[in-house]
Amino acid sequence: MALSVLDLFSIGIGPSSSHTVGPMRAAKQFTDGLESSGQLAATVRVQAELFGSLGATGRGHGSDKAVVLGLQGKAPETVDTSTADDQVAAAALDAELRIGGHHRVDFNWDEDLVLHRRKSLPAHPNGMTFRALDHAGEVLHERSYYSIGGGFVVDGDASGSDKVVADSTVLPYPFTTADELLAICAREGMSISDVMLANELVWRSEAELRERLLQIWAVMRECVDNGCAAEGFLPGGLNVRRRAPSLFKTLTADTGVTDPLRAMEWVNLFALAVNEENAAGGRIVTAPTNGAAGIVPAVLHYYTKFVPGADDDGVVRFLLAAAAVGILFKINASISGAEVGCQGEVGSACSMAAAGLCEVLGGTPEQVENAAEVGIEHNLGLTCDPVGGLVQIPCIERNAIASVKAINASRLALHGDGSHKVSLDKAIKTMRETGADMKSKYKETSRGGLAVNVVEC
Ligand code: SF4
């Protein structure tokens, strides 16, 4: 399977790639299917069932709202995030949906949208089933989907996450392991971003790719700006106050401060701003997931703000190198918190950001691989236990900590010659096996860890 940098970084909506973006895409795919098969006109009722982790934390992660929006033809890339909640509230109030944006059906929120807290579908923890019924109550069409992390969706015919993206494009420099990637770099005299770029040109021109990546960077910057400007509390009932606005005011007011750790506080700010926007359901770049969406932007902001000579070319190379590492996680382990815990989300993002920064700071391919390995090694075993099923505690702060860790990993690697004991491939294998051993209560179900030890108020 061939994966693009644009599979790892996509524009979407908060708060969760697997629980919001994925279900919205799946619901839209289902209604698009009804339309293209000519079954929409006969449809008088649509039902959705969410299973596993989607059922357990779906409400806190906005999965139910995402399904309603997707059934009404909205896509995560283009849905108006400022009116999304109003659109959902109107559907609930009027007890109706406009399937595909135009075909009216009655909709009873309690009966037609069921979240199963203890039932799962067989192939993945994030399963969902959609059903269209006719006037007689007969099933016209039924389909199951899995949201397998990072906004990726597969339909029920796929037997597992390894079948996910069936793009069989032949790449000039295919790689499935870090060792293979390093061998290509050595043989061809290329950097990791060079290899990624050469592969990307199979799908689109360099000019188009550059434009798309800089658009992604623009959305990341806008997200930070929005997070710094917003005030108040995050939705969901945990009464978590946004911290980015006050930190932003402090940092911009104290221009004469000579604290050597000031740059670290800016990095904290960038990550907090993104993840608070994510928690509020704002416009987000999935990188590679929403829960971990603050890390790559925070480290990229660090690069552009604090590294002399930083420019758009560097931003593009950063994203390409980071994506090369993200691909390794995606195909050899998982980027889904429901599958392997938070090590798959924050751990993968930390590793990707470390690689991206090391690349633009002049690291050799071996040093970049070393940075990526340090980035994941010290996130191994990280559990997913979001309090109240919301992507707030520990998620927001965790992104800030991991962003600083990614910068540290990059700098550690740059002080070496790229040789090290634990390879990135071994660390990724360890992450996959640790995730497999992890109890499901630590995998985005909110049934363990902080989620049960922190009193919601
Ligand atoms: S704890 Fe980590 S994996 Fe779980 S929801 Fe938060 S960011 Fe995502």
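Fair warning: this is a prediction, and the values are worked out from it, not measured in the lab.

Cut-offs applied
- Residues numbered from 1 in each chain as written.
- Predicted model: local features only at pLDDT ≥ 70, side-chain atom pairs only at ≥ 80, totals over all residues.
- Heavy atoms only, no water.
- Buried < 20%, exposed > 50% of the residue type's maximum accessible area, 1.4 Å probe, protein only.
- Helix = DSSP H or I, 4+ residues; strand = E, 2+ residues; numbered from the N terminus.
- Pairing = 2+ DSSP bridges.
- Salt bridge = Lys/Arg side-chain N within 4 Å of Asp/Glu carboxyl O.
- Domains from an automatic or database assignment.
- Contact = heavy atoms within 4.5 Å.
- Buried area = accessible area lost by both parts, 1.4 Å probe.
- Polar contact = N/O pair within 3.5 Å; in protein donor to acceptor, adjacent residues only side chain to side chain.
- Nonpolar A, V, L, I, M, F, W, Y, C, P; charged D, E, K, R; others polar.
- pLDDT = per-residue confidence, 0-100.
- Core = buried A, V, L, I, M, F, W, Y, C linked by side-chain atoms within 4.5 Å.
- Axes fitted to C-alpha atoms, helices over the stretch in contact; angles between N-to-C directions.

Caption draft 1: Representation of the pairing of strand β6 (residues 127-133). With 7 of 7 residues buried, β6 lies mostly within the body of the structure. The alternating pattern of β6 places Gly127, Thr129, Arg131 and Leu133 on one face and Met128, Phe130 and Ala132 on the opposite face, and all of these are buried. Note: strand β2 (residues 45-50) against β6, 6 bridges, orientation antiparallel. Pairing of Arg45 across the sheet is with Leu133, part of β6. Note that β6 and strand β7 (residues 139-147) share 7 bridges and pair antiparallel. Across the sheet, Phe130 pairs through a bridge with Arg143, a residue of β7. Between β6 and β7, which follow one another and run antiparallel, lie 5 residues, and Gly137 among them has a positive phi close to 80°.

Caption draft 2: Representation of the pattern of salt bridges in the model. Per the counting criterion, the structure on display carries 23 salt bridges. With a shortest N-O distance of 3.6 Å, Arg212 and Glu208 are connected by a salt bridge. Note that Arg212 and Glu208 are positioned in helix α9 (residues 206-229) at a spacing of 4 residues, about one turn of the helix. By relative accessible area, which is 33% here, Arg212 ends up partly exposed. We classify Glu208 as partly exposed; its relative accessible area is 37%.

Caption draft 3: Spotlight on helix α4 (residues 63-71). For α4, a buried count of 8 out of 9 residues is recorded, marking the element as mostly surrounded by other parts of the structure. Restricting attention to buried positions, one finds in α4 the residues Ser63, Asp64, Ala66, Val67, Val68, Leu69, Gly70 and Leu71. Gly73, located one to two residues past α4, shows a positive phi value of around 90°.

Caption draft 4: Structural view of the domain arrangement of the chain. Segmentation of the chain into domains returns domain 1 (16-164) and domain 2 (178-453). Placing a centre on the C-alpha atoms of domain 1 and another on those of domain 2 gives a separation of 29 Å. Tallying the contact residues gives 25 residues for domain 1 and 23 residues for domain 2. Here domain 1 and domain 2 share an interface that buries about 1700 Å² over both sides, 48% of which is from carbon and sulfur atoms. Here domain 1 and domain 2 share 0 salt bridges between them. Our enumeration of links across domain 1 and domain 2 arrives at 9 residue pairs in polar contact (both at pLDDT 80 or more). Split by residue class, the side of domain 1 that touches domain 2 holds 7 nonpolar, 15 polar and 3 charged.

Caption draft 5: Representation of the confidence of the model for the chain within the structure. In the predicted model, the chain carries a mean pLDDT of 94, and the fraction of residues at 70 or more is 97%. Taken together, the stretch residues 159-164 has pLDDT below 50 and engages in 9 contacts with residues farther than four places along the chain or on a different chain.

Caption draft 6: Molecular detail of the environment of Pro125. Positionally, Pro125 belongs in the loop between β5 (113-115) and β6. Separated by 241 residues in sequence, Pro125 and Glu366 place their C-alpha atoms 35 Å apart. Setting aside anything within four residues of it in sequence, one finds Pro125 in contact with Phe51, Gly52, Ser53, Leu54, Ala338 and Glu339.

Caption draft 7: Spatial organisation of the nonpolar core. Residues Val5, Phe9, Phe175, Leu213, Met220, Val296 and Leu300 are the most contacted members of the largest nonpolar core, which totals 108 residues. Broken down by element, this core gets its largest block of residues, 13 residues, from helix α13 (residues 312-332). For this core, the two domains that each supply at least three residues are domain 1 (16-164) and domain 2 (178-453). Contact partners of Phe175, with chain neighbours within four places excluded, come to Glu180, Leu181, Ile184, Val195, Met196, Asn199, Ala324, Ile327, Leu328 and Ile331. Ala26, Val79, Leu113 and Leu115 belong to the second-largest nonpolar core, a separate cluster that totals 32 residues.

Caption draft 8: Focus on the sheet that holds β7. Taken in spatial order, the 5 strands line up as β5-β2-β6-β7-β8 in an open sheet, and their pairing is mixed. The open sheet has two edge strands with one neighbour each: β5 and β8 (153-155). Averaged over all pairs of adjacent strands, the angle between strand axes in this sheet comes to 20°, irrespective of strand direction. Taken together, the 3 bridges between β2 and β5 define a ladder with parallel strand orientation.

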